[in-house]
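What follows is the residue order along each chain.
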Amino acid sequence: MNDDTLNLSSAQLYSPATSAIADSFGASSFAAPASSAEHLDTKPLTDGFARRLTYLRLSITDFCNFRCEYCLPNGYQGKRPDDELSIPEIATLIRGFAQVGTKKVRITGGEPSIRRDVVEIIQTIKQTLGIETVAMTSNGYKLGKHLPSWQAAGLDQLNISMDSFDAATFYKMTGFNTLPQLLADMDTLLTTTDIKLKINSVLMAETAFENLITAIDYVKDRPVTYRFIEFMQTSDNSDLFFAQHAHSDTIIDYLLEHGWQPHERGSSDGPAVEYSHPDYVGRIGMIAPYAAHFCDTCNRLRVSSQGKVHLCLFDQGNYDIRQHLQSNDVRGLVDTLHSFMPIKPEHHHLHESNSGIMHNLSIIGG
């Protein structure tokens, strides 16, 4: 689904009045050092609730080749847009965000690996002054093929979406019979790269306990965090949501009863609370958007693959910044980002069954 096809309020149209990889993955021409004018002191992004925003989630495509039942059960509909952000636009975007205190950038989709220039995107972000961590979320399709180039380009962290350890269930949920290869490829990642690996699983009532027990066994000797993400309702998945939603306390209570202890989040971390156990190398994580005070520590902004800022995953509108990206206008971008801070919402409205304009999570990668 394309952002432009959504029937939004006038908020979507708001725009403040403001000003091929090189050999061996050498320096990209699009990641050149910023001009001296860009090094002027710029205050960090802080919203109206005193939350410092240090984390950007950047979608580089809304296309996905999987057919996950909770997101795109009928597969991607329509034609993939031909105006996704270019490398030069992404370079300008990242320089602007770095200027206002962004430390971590996560590349999302859709499925980001379907972009042929994803390696150059990783490299461009990694070479930007001020960016400390480059992460990506992927479904892991043909992961083994991509690992050497992602490692060479500087990818720091990879989150793999994997909703079951059972091959038949995995096939039912995604439409792909690729779980055995994915598990093998993740072990290859752990033994041949220094990319930090996390695995994401949507918490579904039907598979929750089985996944938890298997995940605990999986992280026994692997430095991996297996994270459950509480199923979030959108306008496209309501029937499945009411049939399969399971509360995060189901997992958390089990962990606490069996000796797992929570860790505090870092300033640039995502929303997960991670739990560790002295007898296990890896961790179990929980992302619980329906929990009280979940939004209190929000540190994120999102940008779609067509250059629209989402102030919240479930906001009522989005804001076009592409004019700044197309003209390499870092100063105008910075001013515009600051102008959004008074209107960033305090929290989402999922408890009211209101997912805003988010029809499905492939639009900006969750």
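This one's a predicted model, so the numbers in the text were calculated from it and none came from an experiment.

With respect to the sheet that holds strand β7 (residues 261-262)
Now for step 1: Spatial strand order, β7-β8-β9-β6-β5-β4-β3-β2-β1-β10-β11-β12: 12 strands in an open sheet with mixed pairing. Both edges of this open sheet fall to β7 and β12 (319-320), since each of them pairs with a single strand only.
Now for step 2: Bridge analysis of strand β8 (residues 273-276) against strand β9 (residues 283-287) gives three bridges, and the strand direction is antiparallel. Opposite E274, over in β9, you have G285 as the bridge partner.
Now for step 3: Relative to the sheet, helix α1 (residues 87-99) contacts β1 (55-59), β2 (104-108) and β10 (300-303), its axis offset from that of β1 by approximately 165°.

Focus on helix α8 (residues 249-257)
Now for step 1: When we look at burial in α8, the residues that qualify are I251, I252 and L255. The buried side chains of α8 occupy one side of the element, clustering within an arc of 95° when seen end-on. Facing away from the buried side of α8 by more than 90 degrees, the exposed set consists of T250 and E257.
Now for step 2: Looking at the buried side of α8, the elements it contacts are β5 (196-203), α6 (208-218), β6 (225-230), β8 and β9.
Now for step 3: Positive phi shows up at G259, right after α8, with a value of about 90°.

Structural notes on the pattern of salt bridges
Now for step 1: Overall, the coordinates contain eight salt bridges when judged by the stated rule.
Now for step 2: Between R51 and D47 there is a salt bridge; the shortest N-O distance is 2.6 Å.
Now for step 3: Its relative accessible area of 6% is what places D47 among the buried residues.
Now for step 4: Between E89 and R322 there is a salt bridge; the shortest N-O distance is 2.9 Å. Of the two residues, E89 is situated in helix α1 and R322 in helix α9 (residues 322-326); the sequence distance between them amounts to 233 residues. For the pair E89 and R322, one class covers both residues: buried.
Now for step 5: Because the salt bridges share partners, they merge into one network encompassing K198, E274 and R283.

A closer look at the nonpolar core
Now for step 1: By size, the foremost hydrophobic cluster in this structure holds 75 residues, and its most contacted members are L58, L93, I125, M162 and I284.
Now for step 2: Per-element accounting of this core gives the leading share, six residues, to α1.
Now for step 3: If sequence neighbours within four positions are ignored, M162 has contacts with F170, L179, L182, L183, M186, I199, N200, S201 and Y226.

A look at the packing of aromatic side chains
Now for step 1: Taken as a whole, this structure holds seven aromatic pairs when the rule is applied.
Now for step 2: Pairing F165 with Y218 gives two aromatic rings, centres 5.2 Å apart and planes at 50°, and the pair type is tilted. Of this pair, F165 sits in the loop between β4 (157-161) and α4 (167-174) while Y218 sits in helix α6; the two residues are 53 residues apart in sequence, bridging distant segments of the chain.
Now for step 3: We classify F165 as buried; its relative accessible area is 16%.

Thoughts on the environment of S248
Now for step 1: With respect to the element layout, S248 can be found in the loop between α7 (238-244) and α8.
Now for step 2: A residue is classified by how much of its surface remains accessible, and S248, at 2% relative accessible area, is buried.
Now for step 3: C-alpha separation for the pair S248 and F231, spaced 17 residues apart in sequence, amounts to 9.3 Å.
Now for step 4: Excluding its chain neighbours within four sequence positions, the residues that come into contact with S248 are L203, E230, M286 and A288.

Concerning the confidence of the model for the protein
Now for step 1: On average, residues of the protein carry a pLDDT of 82, and 75% of them reach 70 or more.
Now for step 2: Counting contacts from residues 1-37, a segment whose pLDDT is below 50, to residues more than four positions away or on other chains yields 86 contacts.
Now for step 3: Contacts for the low-pLDDT stretch residues 348-359, under 50 throughout, to residues beyond four places or in other chains number 43 contacts.

Some points on the pairing of β9
Now for step 1: Within β9, four of the five residues are buried, which leaves it mostly tucked inside the rest of the structure.
Now for step 2: In the sheet, β6 pairs with β9 via five bridges, with the strands oriented parallel. Paired with T225 across the bridge in β9 is R283.

Some remarks on helix α2 (residues 118-126)
Given 3.6 residues to a turn, an α-helix orients residues that are three or four positions apart in the same direction.
Now for step 1: With eight of nine residues buried, α2 is to be regarded as a mostly interior element.
Now for step 2: Taken together, the buried positions of α2 are V118, V119, E120, I121, I122, Q123, T124 and I125.
Now for step 3: The secondary structure elements touched by the buried residues of α2 are β1, α1, β2, β3 (133-138) and α3 (143-153).

So, the packing of α2 against α3
Now for step 1: Where α2 meets α3, the closest approach of the two axes is 8 Å, and the angle between their N-to-C directions is 20°. Classified by the interaxial angle, the pair formed by α2 and α3 is roughly parallel. When you trace α2 past α3, the crossing you get is right-handed. Between α2 and α3, the residues in contact are V118, V119, I122, Q123 and K126 and S149, W150 and A153, respectively.
Now for step 2: Partitioning the contact of α2 with α3 into residue classes produces five nonpolar, two polar and one charged.

What counts, and where the lines are drawn
Residues numbered from 1 in each chain as written. Predicted model: local features only at pLDDT ≥ 70, side-chain atom pairs only at ≥ 80, totals over all residues. Heavy atoms only, no water. Pairing = 2+ DSSP bridges. Helix = DSSP H or I, 4+ residues; strand = E, 2+ residues; numbered from the N terminus. Contact = heavy atoms within 4.5 Å. Axes fitted to C-alpha atoms, helices over the stretch in contact; angles between N-to-C directions. Buried < 20%, exposed > 50% of the residue type's maximum accessible area, 1.4 Å probe, protein only. Arc of directions from axis to C-beta. Salt bridge = Lys/Arg side-chain N within 4 Å of Asp/Glu carboxyl O. Core = buried A, V, L, I, M, F, W, Y, C linked by side-chain atoms within 4.5 Å. Phe/Tyr/Trp six-rings, centres within 6.5 Å; stacked < 30°, edge-to-face > 60°. pLDDT = per-residue confidence, 0-100. Parallel < 35°, antiparallel > 145°, perpendicular 65-115°, else oblique. Left-handed = near helix turned anticlockwise from the far one by under 90°. Nonpolar A, V, L, I, M, F, W, Y, C, P; charged D, E, K, R; others polar.

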